[in-house]
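Structural description and commentary
Now for the letters of each chain:
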Amino acid sequence: MQKTLAFLHTSPVHIATFDALVQDMAPGLKLQHHVDAGLLSAAQQFGVADPHLIQRIQSAMQAAAVGGADMVVCTCSSIGGVAERMSGFAGLQTARIDRAMADRAVTLGPRVLLVAALETTLLPTAELLQESAAALNQPLVINNLLVADAWAHFLQGDSEAYRQAIVHAVRQKVQDEAAEIDVVVLAQASMAAAAPDLTELGKEVLSSPRLGVAHALSLLQVN
């Protein structure tokens, strides 16, 4: 029986990205997408521990699974922890897109440069990195880089300006602190396009989409 993979996004811009990745890695796999931009807005306003937001995330994950999805992957790093903890609830198998990235990052560390364009993403991703480090018995030192001016470009739909702002900020940070950084983690899925422009830094630059999809496919046992 053909399996179905569903994604919960907080922006429709991610649909094409994940369609392309799944087509490349598991052609023919049935896909579903559910978009709820209000979840990220609420996380920014109230924090991810807000009980009402948690209920909304749970409802959105269930909505994403409507149609018989075998797994739902949350592609938003800010709310991914809540989504992931739903695994097993009402028979729903869930995953967060950035766990595989975190697991890889801590094996390349210990000094991780954690990059985000939203402040609400930093703490959940730092906690995820700490979970991965503890599980894999790896030392970890996190250096945060908030590229606060980049997000306005994303909201305006200017993906090129968004990418350039991230690339510029990471280059500057790594040049300033090269001896203190082992790996760069681009916390948000939307930042993945910046990774190819940072190869000259001599540090591995990780983003979540491809690693996260590969992880989801392995959990689904899709070859």
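Preceding block: the structure.
Okay, so let's go over this structure. (Residues numbered from 1 in each chain as written. Predicted model: local features only at pLDDT ≥ 70, side-chain atom pairs only at ≥ 80, totals over all residues. Heavy atoms only, no water.)

1. A few points about the pairing of strand β2 (residues 30-35)
When strand β1 (residues 4-9) meets β2, the two strands line up parallel, connected through six bridges. If you follow A6 over to β2, its bridge partner there is Q32. Read from β1 through helix α1 (residues 14-25) to β2, the crossover connection turns out right-handed. (Pairing = 2+ DSSP bridges. Helix = DSSP H or I, 4+ residues; strand = E, 2+ residues; numbered from the N terminus. Right-handed = clockwise from strand over helix to strand, strands pointing away.)

2. Quick word on the pattern of salt bridges
Under the counting rule described, the total for this entry stands at nine salt bridges. The partner of R104 in a salt bridge is E204, and the shortest N-O contact between them spans 2.9 Å. Separated by 100 residues along the polypeptide, R104 in helix α5 (residues 99-108) and E204 in strand β8 (residues 204-206) bring together distant segments of the chain. Between D182 and R111 there is a salt bridge whose closest N-O contact spans 2.6 Å. With D182 in the loop between α8 (159-176) and β7 (183-186) and R111 in strand β5 (residues 111-116), this pair connects stretches of sequence that are 71 residues apart. Classification of R111 by relative accessible area gives partly exposed; the value is 33%. What emerges from the salt-bridge pattern is a single network uniting E84, R99 and E131. (Salt bridge = Lys/Arg side-chain N within 4 Å of Asp/Glu carboxyl O. Buried < 20%, exposed > 50% of the residue type's maximum accessible area, 1.4 Å probe, protein only.)

3. Digging into the nonpolar core
With 46 residues, the main nonpolar core has M61, V115, V170, V184 and L186 as its most contacted residues. Element by element, the count of residues in this core is highest for α8, at seven residues. In this structure V184 touches L113, V115, V170, V174, K203, E204, V205 and L206, once residues within four positions along its chain are discounted. (Core = buried A, V, L, I, M, F, W, Y, C linked by side-chain atoms within 4.5 Å. Contact = heavy atoms within 4.5 Å.)

4. So, the packing of α5 against helix α6 (residues 119-135)
Packing of α5 against α6 leaves a shortest axis separation of 8 Å and a crossing angle of 55 degrees. Taken as axis vectors, α5 and α6 run oblique relative to one another. In the crossing of α5 with α6, the sense of the turn from one axis to the other is right-handed. Here α5 contributes R99, A102, D103, A105 and V106 to the contact with α6, which in turn contributes L128, L129, E131, S132 and A133. Partitioning the contact of α5 with α6 into residue classes produces six nonpolar, one polar and three charged. (Axes fitted to C-alpha atoms, helices over the stretch in contact; angles between N-to-C directions. Parallel < 35°, antiparallel > 145°, perpendicular 65-115°, else oblique. Left-handed = near helix turned anticlockwise from the far one by under 90°. Nonpolar A, V, L, I, M, F, W, Y, C, P; charged D, E, K, R; others polar.)

5. Side note on the environment of Q44
As for its position among the elements, Q44 is in helix α2 (residues 38-46). Judged by relative accessible area, Q44 falls into the partly exposed class, the value being 39%. Measuring from C-alpha to C-alpha, the distance between Q44 and T120 comes to 5.9 Å, with 76 residues separating the pair along the chain. In this structure, Q44 is in contact with L118 and T120, ignoring residues within four places of it in sequence.

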